[in-house]
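So the chains spell out like this:
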Amino acid sequence: MSIETLKGLRVLVAEDEALVAMDITDTVEFEGAEVIGPFATSREARVAVDGSCFDIAILDVRLEDGDVFPVADVIRDREIPIVFHSGHLDPAQISNRYPNACFCSKPSTPEGLVNALLAARQEAETAG
Amino acid sequence: MDAQTRVAVPVVGVGASAGGLEAIREMLTETNIDTAFAFVIVQHLDPTHQSLLAELLGRCTSMPVRQIEGGEYVRPGEVHVIPPGKKLEILGGRLELTEFSQPRGLRRPIDDFFESLARDQGPNAACVILSGTGADGTTGLRAIKEYGGLCIAQDPDTAKYDGMPVSAVGTGLVDFVRSPSAILDCLRAFFETGGTDRPRHEAASVVADHVDDMCGALREAIGHDFSGYKRTTLVRRIERRMKVLGIETPQRYLERIRGSSEECDALFRDLMINVTRFFRDSEMFEVLDREVVRPLVDGAEAEEEIRIWVPGCSSGEEAYSIAILFADALRGRRDRPYVQIFATDIDERMLATAREGKYPSSAMADIPEDLRENYTIAHDGYFQMSGKIRDMIRFSSHSLIKDPPFSRLDLISCRNILIYFDERLQRQVFPILHYALKPGGTLFLGPSESIGRHEDMFADIDRQARIFRRLEGRTPYPIRLAPDRRGSSSPNRDSGDDSPQRLTEESAPARRLLDRYAPASVVCNRDGDMLQSTGRLSKYLEFPSTNSGRIVVTTVARPGLREVLPTLIRQAVDDRSRTIARDVTVRAEFGSQKLDVIADPLPDGTALVVFRDKAGFDPSDDDDMAELRSTEDATHELEEELRVTRHKLRGAVEELETANEELKSSNEEMMSMNEELQSTNEELSTVNDELKSKVDQVSIANSDLRNFLESTRLAVVVVDSDLRIRNFTDAALEVFPLRDGDRGRYLSDVASHLADDGFLADARAVLAGRDPAIRTIALKDGSRRYSMRVMPYLLLDGTVDGATIVLTDVTEVLDIQAALEEQRERLRLACVIAGIGIWEYCIDDGTVLADETELRFFGMEANDLSEMMARIAEEDRPAVERALRAAVEGQSDFEETFRVERPDGSSISLRGFGRYIAGSGKGRILGVSIDVTREVRSAEQREFLLHEMNHRVKNLFAVISSMVTGAARTASDVDEMARSVRARITALGNAHSLTQATRGSTSVMMSDLAKSILEPFRDGDNVVVKGPELVIGVEKLTAFALIFHEWATNATKYGGLGEDGEGLSLTWSVSQDDQILVDWRERFKTPQPEEDGKVKGFGSRLVEFSITQLRASYEVERTDRERRMTLAIPYAA
């Protein structure tokens, strides 16, 4: 698959705000990718992570039932690229833990999100 | 008497000075050419001017008045006047003019002439002293008197100037005091009485017969015996007296003497005349000085005594002359011998004059010039002997012939006395003088005197000068001391023409008769001295083997006779009658003899003792022993007499010596007193200086005190122990209205301006000994307040002598103090109100001092630093400790906020501020703590809220962004899209603004939310919202808001809120299993179309996602008239 597009990718989305989740879904699907979720809680997300195959994840830091980091750790360990999508996140803090993750701050434009996804894939490629 | 040429008439010398002319004129007016006197006028005249005296006097008398030219004889019935500037003398009746030897001012023309006149004319002279100042003539008057002339003085009352007359009268020698006009009569009376016709010697002999009697009378009256005086002198003087009194016969005069003590006195006075002057016979004095005075002084050691006696000193000139010589010889000698001169006389009046030591200025001329200054003190008209000279002489009353003499003398100056004594008396006197002198002592006699027969006692030193040396050899003490008044008189007289009776006849037959046939006899005096004897006396008297010359009959008389004789003789002599002692038995060697003893007094005071045997000689038995007893009486008497005599003598000697000693010691006392006075003077001088400097110091101290008091403006009132005002300062007048005159008033009487009288009680208490009182006291009008101190006024010895009240104006101070107090209170209150705790951390001992607020903060009762620290929240403690340490080290102020957990579980937040304060030791941290709990909570809350807000806003943006993006994907009409998006955003915004932040979460009431969303769609009452109170968490808010907004929007298009709509109702409830059931019902009149189902509108997608977010289950029911949507939301989600 081409790195320059998201076509055919399977994207896991964790987002507790419904409209934002809707927006992300629209954006990803418009790009020709498939959305797994969106999941509003980290519990649900974790179940999905364990039971699904996917190529990349878009994770909101604050979910309904707490931080997403435990889930993020699992994803990272499976060497699946992550894009953190949050309103208040200090990248410096996160980059220690997730060196290959990318960030996209809320509110974001669709372009911004797509770029972040692509960047993350790129990152994964070069790292791997 | 000198040989003289007697003038036929008496020569009257007249002396006058100022005011004299008038007196002379008066006197002479009585005279005429026949007046049988020769007058010589000596008037004090200006030597530089011509005198008109003679001319003037010539007009008042018919007698010729002539100025003397010199050399003329004095003529009777003539007046001779002295010329100016010349000295007048009369010699042999001739008037001689010479030059004055004395300088002007010291001249004595009247004295000179009178003295010359006296010598020349003797009893034929008279002197008259008239008006004048000074004393000229007084000395001359004495000469006239001495030589037998008449002395008259003008009555001082009649004299224009009474000086001379008074001085003359003062001698006591003036015979008559008369007014000038009466003088002539007086002269006549004197010179014409007394019978100048009769031969002198006859007259004299008549007087001479009675002289003894007169002497006796005089002796009785005066106590002095003049019978030893030269007869001629005596007779002359007596005759003169008779002349003066106008008595013709001696008998009458004798009667007069016996009867009048005044006359005795006058006669005595006349007899005592002894003209004397300083350095009389000056050349003899020179020899005396050279030969006697100086050697004596040179040879004397320091402290040794040189004793001199001047008997018969009269008015003292002689004694003073000798004193001057000695004083001059002593001059310059550092350690001097002590010169003592005894000057004696029997004339008290003369002694008085001598003691005073004052003499007329004219007498100064007799004193050698070089001696005047040192030893005399000149005054006006007279001079006085200097004190040191007077101190050398002791004048005393003493009779040379009667009283015990002085003894141990170095020099006796006995001049012109012996000339008055007859031979017998002289013979008595010389042994006295010999006795009185020390061996080698000197006797100084007058020019007319000599040793005579007494060469065994005295040898010449200078015969010319009449200076003799006392020879060695003891003088038997002269017994010539008659204790009683009745002196003896020796019948032995050598004088000329008198022929005394003689007892024995020299013829041989007479002698034979006396020796053999007549009874034996002796002639003896009253004392028993045998003077003559006749016949054989061996039976009666036992003559001693050695013939010493003097035989005392009463001593040599044999027993039997011895007892009788003394009494017998005495009785006979005293009674002047023949006395017989009958039947006396005298025990002679070989037997006894009975006899009569007859004592027959002789005229001369002796007695003829006749032993008339009565029986034959009776030979004695052996048994006859002379018994001592019989001699007892006589011996006893003699011994008694002797004892008395000795006693008297001793007494006299003792008296003298005592007097001398006393004088010596008093002199020494004087000297030591003088020394003491000197040193006292020195001390006083020093003390004075000290005093002066002390006074200065006190002055300065006073001045300092005054200035000090003034400068401090202290109101001070000092009272004494009776509370009377003693003193006060000016400043005190503010409080007590005092005036200067109030000193002494009682303090309680003074109306003070003070509010109360407490100070009086305080003062009394302090006076009573209590401690000083301090109190605050205000003025009545309250304008000023004072700190009043009442202290005791202490003397140096600590006794309380009063009280001092000091008032210090403390009004300002008190005001400030009050203000300060107020401030402090306010501050305290502020602190309390503000909840500010104050603490103090003492670095030295690591303790803390917390006020009650601070303690309350920590929930503690007492200060306990470690406990306090423990209560600080653990997370904050390190910072607090660090900050505290930093403050202690002075690096920074302490400023920390920390939480305190209290034992009751509560906790507060404190903000502490502290600062290091240096002090004793390591210093302190002073700090405050403020309760900032609320602030902190608020802050925390705000933080939380902000955080929340931040999150929500971010989320909201994301939602809106998504909404816009989503809408843009499906919108065909941009305007429509914009409108619908805008509406949705507005709804969201409204919904979110309803949220209220409470502790821990943000929420909204369902009813508020529903109403808010549906509000824009309401029109009248077509919307019904109903449900129980239900809190919706913020996380559900967006979803509900979007859902309701969409459904409402749809309702306006195709539902209950549209054209055909009949309203909308939104209700909710909570199910039993905690689900929120939302019921949405729309009613419409006609059936509504559904939206295109195939293509989901954006709005419906929103709803879809929102429902998913809520995890709600959704159902919809449609009928023709109603659309109903229900949601079931799990509450917990």
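Residues numbered from 1 in each chain as written. Chains lettered and ligands numbered in written order. Predicted model: local features only at pLDDT ≥ 70, side-chain atom pairs only at ≥ 80, totals over all residues.

Under the annotation held in an unreviewed UniProt entry, chain A carries the name Response regulator and is attributed to Fulvimarina endophytica.

**Quick look at the overall build of chain B**
In terms of regular secondary structure, chain B is built from 30 helices and 42 strands. Taken over 1133 residues, chain B has a buried fraction of 37%. Across chain B, the fraction of contacts at a sequence separation of at least 24, relative to all contacts at a separation of at least 6, is 63%. (Helix = DSSP H or I, 4+ residues; strand = E, 2+ residues; numbered from the N terminus. Buried ≥ 20, exposed ≤ 12 C-beta atoms within 10 Å, placed from the backbone. Contact = placed C-beta atoms within 7 Å.)

**Details of the overall build of chain A**
The number of helices and strands found in chain A is five helices and seven strands. Secondary structure elements of chain A occur, N-terminal to C-terminal, as β-α-β-α-β-β-β-α-β-α-β-α. In chain A, the proportion of contacts linking residues at least 24 apart, taken out of those at least 6 apart, comes to 57%.

**Observations concerning the interface of chain A and chain B**
Tallying the contact residues gives 14 residues for chain A and 20 residues for chain B. In terms of residues, the side of chain A that touches chain B owes the most to one element, helix H1 (residues 18–30) of chain A, which gives seven residues.

**Topic: the nonpolar core**
Within the largest apolar cluster, 147 residues are counted, with the highest numbers of intra-cluster contacts made by Ala323 and Ile341 of chain B. Here this core gets nine residues from one element, more than from any other, and that element is helix H12 (residues 317–330) of chain B. Of all hydrophobic cores here, the second largest spans 83 residues; its members include Phe39 and Ile82 of chain A together with Ala1039 and Ala1041 of chain B. (Core = buried A, V, L, I, M, F, W, Y, C linked by C-beta atoms within 7 Å.)

**Some details on the UniProt feature "modified residue: 4-aspartylphosphate" (unreviewed entry) in chain A**
All names here are of chain A. With numbering aligned to this structure, UniProt lists the feature "modified residue: 4-aspartylphosphate" (unreviewed entry) at Asp60. Residue class for Asp60 comes out buried when judged on the 29 C-beta atoms lying within 10 Å of it. Other than its neighbours up to four places away in sequence, Asp60 contacts Ala14, Glu15, Asp16, Val68, His85 and Ser86. (UniProt positions renumbered as here; feature names shortened; annotations may be inferred.)

**What about the environment of Tyr73 of chain B?**
All names here are of chain B. Relative to the elements of secondary structure, Tyr73 occurs in the loop between strand S3 (65–67) and strand S4 (79–81). Residues Tyr73 and Val7, spaced 66 residues apart in sequence, show a C-alpha to C-alpha distance of 9.0 Å. Excluding anything up to four places from it in sequence, Tyr73 contacts Gly93 and Arg94.

**Some points on the sheet that holds S3 of chain B**
Residues and elements named next belong to chain B. Spatially, S3-S4-S2-S1-S7-S8-S9 is the arrangement adopted by the seven strands of the open sheet, whose pairing is parallel. The open sheet terminates on both sides in strands that have one partner only, identified here as S3 and strand S9 (176–178). When strand polarity is set aside, the average angle formed by the axes of neighbouring strands in this sheet is 20°. Looking at chain direction, strand S2 (residues 38–43) and S4 are connected through three bridges and run parallel. Counterpart to Phe39 in the pairing with S4 is Val79. (Pairing = 2+ DSSP bridges. Axes fitted to C-alpha atoms, helices over the stretch in contact; angles between N-to-C directions.)

**Side note on the sheet that holds strand S34 (residues 924–931) of chain B**
Strand pairing in a sheet relies on backbone hydrogen bonds. The paired strands run either parallel or antiparallel. Residue and element names in this part refer to chain B. Ordered in space as S31-S30-S34-S33-S32, the five strands form an open sheet in which the pairing is antiparallel. Every interior strand has two partners, whereas the edge strands, strand S31 (847–850) and strand S32 (894–901), have only one. Pairs of neighbouring strands in the sheet enclose a mean axial angle of 25°, with direction left out of account. One ladder, built from eight bridges, connects strand S33 (residues 907–917) with S34; its direction is antiparallel. Directly across from Arg915, in S34, lies its bridge partner Leu926. Against the sheet, helix H25 (residues 877–888) engages S32, S33 and S34, with an angle of about 145° to S32.

**Remarks on helix H29 (residues 1037–1054) of chain B**
Taking 1.5 Å per residue as the helical rise, H29 of chain B with its 18 residues ought to reach 26 Å, and the 25 Å between its terminal C-alpha atoms agrees with that figure. In terms of burial, H29 of chain B is largely enclosed, as 14 of its 18 residues are buried. (Expected span 1.5 Å × (residues − 1).)

**A word on the packing of helix H26 (residues 933–970) of chain B against helix H27 (residues 974–993) of chain B**
Residue and element names in this part refer to chain B. Interhelical geometry of H26 versus H27 gives an angle of 160° and a closest axis separation of 10 Å. Classified by the angle their axes make, H26 and H27 are roughly antiparallel. In the crossing of H26 with H27, the sense of the turn from one axis to the other is right-handed. Across the interface between the two elements, Arg952, Leu956, Val959, Ile960, Met963, Val964, Ala967 and Ala968 of H26 pack against Met977, Ser980, Val981, Arg984, Ile985, Leu988 and His992 of H27. (Parallel < 35°, antiparallel > 145°, perpendicular 65-115°, else oblique. Left-handed = near helix turned anticlockwise from the far one by under 90°.)

**Topic: the pairing of strand S19 (residues 467–470) of chain B**
All names here are of chain B. With three bridges connecting them, strand S17 (residues 437–445) and S19 associate as antiparallel partners. The residue bridging Leu443 from the neighbouring strand is Phe468, located in S19. If you look at the hairpin formed by strand S18 (residues 458–462) and S19, you'll find four residues sitting between the two strands, and Arg466 has a positive phi there, around 60°.

**Here's the deal with the confidence of the model for chain B**
Residue and element names in this part refer to chain B. Of the residues in chain B, 92% have a pLDDT of 70 or more, and the chain-wide mean is 83. Of the regions scoring below 50 in pLDDT, residues 481–504 engages in 43 contacts with residues more than four places distant in sequence or in other chains. Two numbers describe this predicted complex: its pTM, 0.40, and its ipTM, 0.76. (pLDDT = per-residue confidence, 0-100.)

**What to know about the pairing of strand S7 (residues 125–129) of chain B**
Remark: a regular strand shows side chains that alternate across the two faces of the sheet. All names here are of chain B. Across the five residues that make up S7, a large majority, five, are buried. Of the two faces of S7, the one lined by Ala125, Cys127 and Ile129 and the one lined by Ala126 and Val128 are each fully buried. In terms of handedness, the path from S7 via helix H4 (residues 138–146) over to strand S8 (residues 150–154) forms a crossover that is right-handed. (Right-handed = clockwise from strand over helix to strand, strands pointing away.)

**Concerning unusual backbone geometry**
Gly37 of chain A connects to Pro38 of chain A through a cis peptide bond whose omega is 0°. Mapped onto the elements of the fold, Pro38 of chain A is located in strand S2 (residues 34–39). Phi is positive for Arg408 of chain B, close to 55°, though the residue is something other than glycine. Counting through the fold element by element, Arg408 of chain B comes out in the loop between strand S15 (393–397) and strand S16 (409–414). With a phi close to 50°, Asp583 of chain B is a non-glycine residue in the positive phi region.

**Details of the packing of helix H11 (residues 282–299) of chain B against H12 of chain B**
All names here are of chain B. Where H11 contacts H12, the axes come no closer than 10 Å and their chain directions differ by 50°. Taken together, the axes of H11 and H12 lie oblique to each other. Between H11 and H12 lies a crossing whose hand is right-handed. Residues Phe285, Leu288, Asp289, Val293, Arg294 and Val297 of H11 lie in contact with H12, whose contacting residues are Ser321, Leu325, Phe326, Ala329 and Leu330.

**Considerations on the environment of Ala23 of chain B**
Residues and elements named next belong to chain B. With respect to the helices and strands, the residue Ala23 is situated in helix H1 (residues 20–29). Judged by C-beta crowding, with 27 C-beta atoms within 10 Å, Ala23 ranks as buried. Residues Ala23 and Ile129, spaced 106 residues apart in sequence, show a C-alpha to C-alpha distance of 10.0 Å. Apart from the residues lying within four places of it in its own chain, the contact partners of Ala23 are Ala16, Leu130, Ser131, Gln154, Ala159 and Pro180.

**With respect to H11 of chain B**
All names here are of chain B. For H11, with 18 residues, the first-to-last C-alpha span of 24 Å sits near the 26 Å given by 1.5 Å per residue. Taking the largest bend as the criterion, H11 deviates by roughly 40°, centred on Asp289. All buried positions along H11 are accounted for by Met284, Phe285, Leu288, Asp289, Val292, Val293 and Val297. As for H11, its buried residues are in contact with H12, S16, S17 and S19. (Bend = angle between axes of the 7 residues up to and from the residue.)

**Some remarks on the environment of Ala1010 of chain B**
Residues and elements named next belong to chain B. Tracing the sequence through the fold places Ala1010 in helix H28 (residues 1006–1014). Using a count of 24 C-beta atoms within 10 Å as the deciding quantity, one classes Ala1010 as buried. Not counting residues up to four positions away in its chain, the partners in contact with Ala1010 are Val1025, Phe1044 and Leu1066.

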